[in-house]
Structure formats: C-alpha cells, structure tokens
Amino acid sequence: MTADLTDPNTQRDTWDRGVALARAARAGDTLALHQLLDHLAPYIARICAPIALADGPDAAQETLLAVFRSLRSLKDPQALYGWVRAIAVREAVRIARRAARAHPAELADVPERGDPQLAADIDDVLARLSPEHRAVLVMRDVEGLDEEAAAALLGVPAGTAKSRLHRARMSFRKAWSS
C-alpha cells in the first residue's frame, strides 16, 4: 500500500522523519545519514527534474552530494526541507545552464508554429524556457511558493522573480497553445 502524500498526517510524519534523521546524521550517525539521503532523493528529484530536464538526475545527484557535504552547516534541522529546496534549485539551474551552453539550440531544431509536436509534450515546452524561467515556474506553480520565497531561493529581488514568472507563464502558454 502506498502512502497518501495528500494526507496532512502522512506529510507531517514524512517531515518529522526527515528532521529526526537530519538530527541523528548531524550527530555523527552514518546510518541515519544514508537513510536521510535516501529519504530526500524523491523530493530532490521532484524539484530538479522540471528545471534541469534531461539533466535532472545529474542535478539531483549534485544536490545529494551538496547535502552530504554541508549537512553540518544546517543550523536548525527544522529548516531541512527549505534548506534542501534551496540547494536543489541552485544545482538544477547550474546544471541546466551548463547544458544549455554545451548544446545551444539550432533554429532548425525548433518546430515551426502550428507543428503538432510543439505542444505534444510538457517537457518539450519546458525545454524552451531558460533555466531561470523554469526555476521560478517550478517554485511557484509546482512547489507553491510565493514570489518573495521564490526570489529568496533564486537570489534575486522579488520584482525580478515576479517578472520572470510572468514571462515564463506567457512563454509556456504560447508554446503550449501553438
């Protein structure tokens, strides 16, 4: 039987387990550290995949490494999920930027307006957005953060996050409805 993650009690139990594992891992319990990384992996993947797209697994791996290396710097284990989210967004954007530089889009690869493949796949539409636009779109529309929280995670002013979100939504709608 699968846990119902929409159930507030299940969410609270999952959150409490992560915090307890973080406390034990910070105290030097290596088994708890391994369990914590296993526990966080799906959460991290859910954040990294829509930002880094095909490189989502790489971004998730880099995030897990950063969590592993920096866990002792986490001052308050109660802030675990926000701290991990910030690392995941940073790593996903970094990996997506690197991939964009390595594989610049060719105009011949971009489907023309009216092409049925254009709107066929959400990943395809997301891939057309810049990593910064994908990141703010995921933070607001998938993670449910407000502009201020998304801006803080991305390290930009709230107005910048708001304008990026507006542009990302417009670009997404345009590509989706084409």
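In the block above lies the structure referred to throughout.
Student: So what about the packing of aromatic side chains? Which residues, and what values?
Tutor: Per the stated rule, a full pass over the model turns up one aromatic pair. Relative to Tyr81, the ring of Tyr43 lies with its centre 5.4 Å away and its plane at 85°, an arrangement referred to as edge-to-face. Of this pair, Tyr43 sits in helix 2 (residues 30–52) while Tyr81 is found in helix 4 (residues 80–102), placing the two residues 38 residues apart along the sequence. With relative accessibility at 12%, the residue Tyr43 sits in the buried group. Overall, Tyr81 belongs to the buried group, its relative accessible area being 12%.

Student: So what's going on with the environment of Arg26? Which residues, and what values?
Tutor: Mapped onto the secondary structure, Arg26 falls in helix 1 (residues 8–26). Between the C-alpha atoms of Arg26 and Pro77, which are 51 residues apart in sequence, the distance is 8.8 Å.

Student: Explain the pattern of salt bridges residue by residue, including any values.
Tutor: Inspection of the entire model under this criterion finds nine salt bridges. Measuring nitrogen to oxygen at the nearest pair gives 3.6 Å for the salt bridge that ties Arg85 to Glu143. Here Glu143 lies in the loop between helix 6 (131–142) and helix 7 (147–154) and Arg85 lies in helix 4, a separation of 58 residues in the sequence. Put simply, Glu132 and Arg97 hold a salt bridge, and the shortest N to O gap is 2.5 Å. Of this pair, Glu132 sits in helix 6 while Arg97 is found in helix 4, placing the two residues 35 residues apart along the sequence. Using a relative accessible area of 19% as the deciding quantity, one classes Glu132 as buried. On the basis of relative accessibility, which here comes to 39%, the residue Arg97 falls in the partly exposed class. When salt bridges with common partners are traced through the structure, they connect Glu62, Arg90, Glu91 and Arg94 into a single cluster.

Student: Explain the packing of helix 2 against helix 3 (residues 56–70) to me, and be specific about the residues and the numbers.
Tutor: Put simply, helix 2 and helix 3 touch, their axes get as near as 8 Å, and they point 140° apart. Here helix 2 is positioned oblique relative to helix 3, judged by the angle of their axes. The chirality of how helix 2 crosses helix 3 is right-handed. On the side of helix 2, the interface is formed by Leu33, Leu37, Leu40, Ala41, Ile44, Ala45, Cys48, Ala49 and Ala52, while helix 3 contributes Gly56, Ala59, Ala60, Thr63, Leu64, Val67 and Phe68.

Here is what the cut-offs are and how they apply
- Numbers given to residues run from 1 along each chain, matching the order in which its sequence is written.
- Reporting in this predicted model follows two pLDDT cut-offs: at least 70 for local features of residues, and 80 or more for side-chain atom pairs to be given and counted; totals over whole chains, interfaces and linings ignore these cut-offs and use all residues.
- Only hydrogens and water are removed before side-chain values are computed, so all heavy atoms of the structure are retained for them.
- For Phe, Tyr and Trp, rings pair up if their centres lie within 6.5 Å, where Trp contributes its six-membered ring, and each pair is then called stacked (planes under 30 degrees apart), edge-to-face (over 60) or tilted (otherwise).
- Comment: elements are numbered from the N terminus, with helices defined as DSSP H or I runs of at least four residues and strands as E runs of at least two.
- Buried, partly exposed and exposed residues are distinguished by accessible area as a fraction of the type maximum, computed with a 1.4 Å probe on protein chains only: under 20%, between the cut-offs, and over 50%, respectively.
- We count a salt bridge whenever a side-chain nitrogen from Lys or Arg sits within 4 Å of a carboxyl oxygen from Asp or Glu.
- Each axis is a line fitted through C-alpha atoms, taken for helices only over the stretch in contact, and angles between the N-to-C directions span 0 to 180 degrees.
- Here is the rule for angles: anything less than 35 degrees is roughly parallel, anything more than 145 is roughly antiparallel, 65 through 115 is roughly perpendicular, and the remaining ranges are oblique.
- Less than a right angle of anticlockwise turn of the near helix away from the far helix marks a crossing as left-handed, whereas a clockwise turn marks it as right-handed.
- By definition in these notes, contact holds between two residues if any of their heavy atoms fall within 4.5 Å.

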